[in-house]
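Chain and residue survey
Each chain is listed here by its residues.
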Amino acid sequence: AKADGRNTLCFFDPEMQATVIERATLEAALRYAIEDQQFIVHYQPQIDKRSNIIGAELLLRWKHPERGMVRPDEFIPLAEETGLILKVGRWVLETACKQLKVWADQPYFQNLNLAVNVSQCQFREDDFTDQVRQILEETGAPPKRLKLELTESLLIDDIECSINKMHSLRALGVEFSLDDFGTGYSSLSYLTQLPLEQLKIDRSFISTLPDSHNDAVVVQTIITMAQSLKLSVIAEGVENEAQKQFLEQHGCTNYQGYLFSKPITVTEFDAFVATHIPL
Ligand code: C2E
Ligand code: CA
Ligand code: CA
Ligand code: CA
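All of these numbers come straight from a predicted model, not from anything done at the bench.

Turning to the coordination of the calcium ion (ligand 2), a few remarks are in order. Protein coordination at the calcium ion (ligand 2) comes from E57 (OE), N117 (OD1), E149 (OE) and D179 (OD), with a distance range of 2.1 to 2.3 Å. In this structure the calcium ion (ligand 3) is found 3.6 Å away from the calcium ion (ligand 2), and D179 serves as a bridging donor for the pair. Remark: D179 occurs in strand β6 (residues 175–181) and E149 occurs in strand β5 (residues 146–151); sequence separation between them is 30 residues. D179 carries the same exposure label as E149, and that label is buried.

So, on to the pattern of salt bridges. Tallied over the full model, the rule gives nine salt bridges. The partner of K200 in a salt bridge is E149, with the nearest N and O atoms 2.7 Å apart. Of this pair, K200 sits in strand β7 (residues 198–201) while E149 sits in strand β5, and the two are 51 residues apart along the sequence. As far as burial versus exposure is concerned, K200 and E149 are alike and both buried.

The next thing to look at is the coordination of the calcium ion (ligand 4). Note on metal geometry: ideal angles are 109.5 degrees for four donors arranged tetrahedrally and 90 or 180 degrees for six donors arranged octahedrally. Taken together, D180 (OD), D202 (OD) and E236 (OE) make up the full set of protein donors to the calcium ion (ligand 4), lying 2.4 to 2.5 Å away. Counting along the primary sequence, the residues that act as donors to the calcium ion (ligand 4) give the motif D-x21-D-x33-E. For the pair the calcium ion (ligand 4) and the calcium ion (ligand 3), the metal-to-metal distance amounts to 3.2 Å, and D180 bridges them. In this pair, D202 is assigned in the loop between β7 and α9 (203–206) and E236 in the loop between β8 (232–235) and α11 (241–249), connecting sequence segments 34 residues apart. Taking relative accessible area as the criterion, E236 reaches 14% and is therefore assigned buried.

This part is about the site of ligand 1. Looking at ligand 1, there are 22 residues lining it, with R61, R71, R203, E239 and Y258 nearest. At 3.0 Å from a nitrogen atom of ligand 1 is found a side-chain nitrogen or oxygen belonging to Q44. Within the side chain of R61, one N or O atom sits 2.8 Å away from an oxygen atom of ligand 1. Contact with the protein chains hides 87% of the accessible area of ligand 1, taken as 810 Å² for the molecule alone. More than half of the atoms belonging to ligand 1 lie within 2 Å of the grid points that define the largest pocket. Elements supplying a minimum of two residues to the shell around ligand 1: β2 (53–64), α2 (72–81) and β6. The dominant element in the shell around ligand 1, judged by the number of residues it contributes, is β2, at four residues. Class assignment of the residues belonging to the shell around ligand 1 gives a composition of eight nonpolar, five polar and nine charged.

The rules we used
Residues numbered from 1 in each chain as written. Chains lettered and ligands numbered in written order. Predicted model: local features only at pLDDT ≥ 70, side-chain atom pairs only at ≥ 80, totals over all residues. Heavy atoms only, no water. Donors = N, O, S within 2.8 Å, 3.2 Å for Na, K, Ca; no water. Helix = DSSP H or I, 4+ residues; strand = E, 2+ residues; numbered from the N terminus. Buried < 20%, exposed > 50% of the residue type's maximum accessible area, 1.4 Å probe, protein only. Salt bridge = Lys/Arg side-chain N within 4 Å of Asp/Glu carboxyl O. Near = heavy atom within 4 Å. Polar contact = N/O pair within 3.5 Å; in protein donor to acceptor, adjacent residues only side chain to side chain. Areas by Shrake-Rupley, 256 points an atom, 1.4 Å probe, with all protein chains shown as cover. 1 Å grid on protein atoms, 1.4 Å probe; cavity = no way out; pocket = protein on both sides within 12 Å on 5 of 7 lines; lining within 4 Å. Sits in = over half its atoms within 2 Å of the grid points. Nonpolar A, V, L, I, M, F, W, Y, C, P; charged D, E, K, R; others polar.

Encoded structure:
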């Protein structure tokens, strides 16, 4: 692509035009999907070092009538640009809280945490804390079971504002996990100011373990950092025993990944928990 576009008529570039049309089509489809309730969430189990299930991360899926299951990477960026993520994100939060309420008085389920991904525009909304408070009240979900996954890039945008907002949410009882940790511009000076409960090591560092010396060093450093800051640590994208063993040996206590389970429906997750109940 040419950096200086003055001599090119972008609109008549057939490739560009295709993207514009595709974008508009996708946006319209996305808008309709919300009305037509085509979104569902999958649950990916999270496991501790004793192989207990500690909860799940909610991962959004778009069940498109023709395209089939559309993965979030294909529609979340556009949903964010168009602001449609606000509605969808709110729905995901409600779904998590309703589920937490259902589990609240069931043995083996009542201690499970649900982690929800929060997008930048959602977190930046002035009344985000009020939204979360309202959803917790309406559903009757136990707030301490709700975990919000925030990314560094989302926080660093306006760090003072982020810290304040996190404190007001923390006051409701919810906890925070710092998602994709290690991929952003981590700075210890702000990390200590955030009311975090957990660091989540990004999959990109896990996938090359234990062979990549560099990634091994990054992972060890994150785990040590979490320990000194008294935070829990979870590794995402754990796919094989060798990765899990490395993590375990270096003090990582929580895991998520295909080694344990892919993201599954809530019915499948219920069964997954049931089969893991110690006899
Ligand atoms: P993420 O938060 O980093 O989520 C982890 C991604 O890794 C998920 O992809 C999950 O399916 C995938 N994954 C988990 N274990 C493994 C593994 O062992 N191997 C491999 N190769 N992949 C694994 P997914 O579901 O496609 O989601 C992609 C991204 O979309 C998420 O990345 C998150 O940033 C975003 N996302 C998903 N759901 C939501 C949502 O409800 N709201 C917002 N704002 N973003 C969401
Ligand atoms: Ca996440
Ligand atoms: Ca992640
Ligand atoms: Ca990731």
